[in-house]
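A closer look at the structure
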Amino acid sequence: MPFLYPDNSLFSMKKVYLLLVLLVATMGVMRFLPGLFSPSEKNAEVVGDGFKDGDLIFQTSLSAQSMAIQLATHSSYSHCGILFKEDGEWWVFEAVQPVGRCRLKDWARRGKENVFVVKRLKQDAMLTKQVLDSMRSIAGTWFRRDYDPFFEWSDDRLYCSELIWKLYERTTGLQIGELQQLQDLDLSAPQVQEIMYARYKNNPPLTEKLITPVAMFRSPLLQTVFARGEWITSSH
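Residues numbered from 1 in each chain as written. Predicted model: local features only at pLDDT ≥ 70, side-chain atom pairs only at ≥ 80, totals over all residues. Heavy atoms only, no water.

**Details of the overall build of the protein**
Just so we agree on the cut-off: The way it works is that DSSP assigns letters per residue, a run of H or I at least four long becomes a helix, a run of E at least two long becomes a strand, and they are numbered from the N terminus. We call a residue buried when its accessible area falls under 20% of the maximum for its residue type, exposed when it is over 50%, and partly exposed in between, using a 1.4 Å probe and counting protein chains only. Here, residues are in contact when the closest pair of their heavy atoms is within 4.5 Å. Reported accessibility uses the Shrake-Rupley method at a 1.4 Å probe radius. Residues are deemed covered only where the shown protein chains occlude them.
The helix and strand tally for the protein stands at 8 helices and 9 strands. For the protein, the proportion of its 236 residues judged to be buried stands at 43%. Long-range pairs, those at least 24 residues apart, make up 70% of the contacts in the protein with a sequence separation of at least 6. Of the roughly 13,400 Å² of accessible surface on the protein, 57% is carried by carbon and sulfur atoms.

**Description of the nonpolar core**
Stated formally: By nonpolar core is meant a set of buried Ala, Val, Leu, Ile, Met, Phe, Trp, Tyr and Cys residues that side-chain atoms within 4.5 Å join together.
In terms of nonpolar packing, the biggest core is built from 46 residues, with Leu56, Ile82 and Leu163 touching the most fellow members. Excluding residues within four positions of it along the chain, Leu163 makes contact with Phe93, Glu94, Ala95, Val99, Trp142 and Leu158.

**With respect to the packing of aromatic side chains**
Stated formally: Only rings of Phe, Tyr and Trp enter the pairing, Trp through its six-membered ring, and a pair is recorded when the two centres are within 6.5 Å. The plane angle decides the type: under 30 degrees is stacked, over 60 is edge-to-face, the rest tilted. The criterion for a charge sitting over a ring is simple: Lys NZ or Arg CZ within 6 Å of the ring centre, and within 35 degrees of the ring normal.
Taken as a whole and assessed by the stated rule, the structure comprises 10 aromatic pairs. By the ring-pair criterion, three or more aromatic residues cluster together here, those being Phe51, Trp90, Phe116, Phe226 and Trp231. The side chain of Arg101 reaches across the aromatic face of Trp91, ending 3.7 Å from its centre.

**A closer look at the packing of helix H3 (residues 66-73) against helix H7 (residues 190-200)**
Geometry of a packed helix pair, given as the angle between the helix axes and the separation of the axes. Our working rule: Fitted lines through C-alpha atoms serve as axes, helices being fitted only where they are in contact, and the angles separating the N-to-C directions of these axes extend from 0 to 180 degrees. Crossing handedness is defined as follows: a turn of the near helix away from the far one that is anticlockwise and smaller than a right angle gives a left-handed crossing, while the clockwise case is right-handed. The nonpolar class holds Ala, Val, Leu, Ile, Met, Phe, Trp, Tyr, Cys and Pro. Asp, Glu, Lys and Arg form the charged class, and all remaining residues, Gly among them, are polar.
Running from N to C, H3 and H7 cross one another at 115 degrees; their axes reach a closest spacing of 8 Å. Here H3 runs over H7; the crossing is left-handed. Of the residues in H7, those in contact with Met67, Ala68, Leu71 and Ala72 of H3 are Gln191, Val192 and Ile195. The class makeup of the residues in the contact of H3 with H7 is 6 nonpolar, 1 polar and no charged.

Set out below in structure tokens:
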């Protein structure tokens, strides 16, 4: 039995025209889609095989305290983590609330413009299977531990750069980045002072030792291997 329309011929012409319009529109959208993603977001998925266990990864976080960290350290890098491959997929182990892991592609999307930088130990032969297993073991004991908003030098709670600094120091003996005190940072910006007062009131622990993301980023023990969607060295 044929389909019944008020005007078969007119409807067919309209139908063909509508299909053509949809086809053209679809082609336009498909051409536009690649522009929706930054190079780093795409590369987080397609070049992951070049990363190595133990690589350190840095980004400009979009968290509430990110700007204060940037101003206090004079650096755009306000968050960091360490890469491990599990079940064929790259994960970032990091100190957020709580300490845990995040898929690399999801971690990239949490940063400003999805941009991240990956650094590697220059003497990466030190990262033997035994050392990496030890890193994983220590990281496992810290899983779901609270984030430390007070930046205290204690394992009870951990912040991002403290976590990866201690992982390296306790498994390789290397200190990736120079330790500082809170008073060594630039605490003059209003955004910094507001956060400090909210957390410490009028008694900030100015002599508390700490490690910042940028101190690790600038460590001469590391080399940049991946930045803004491109490989930097041939080490991969």
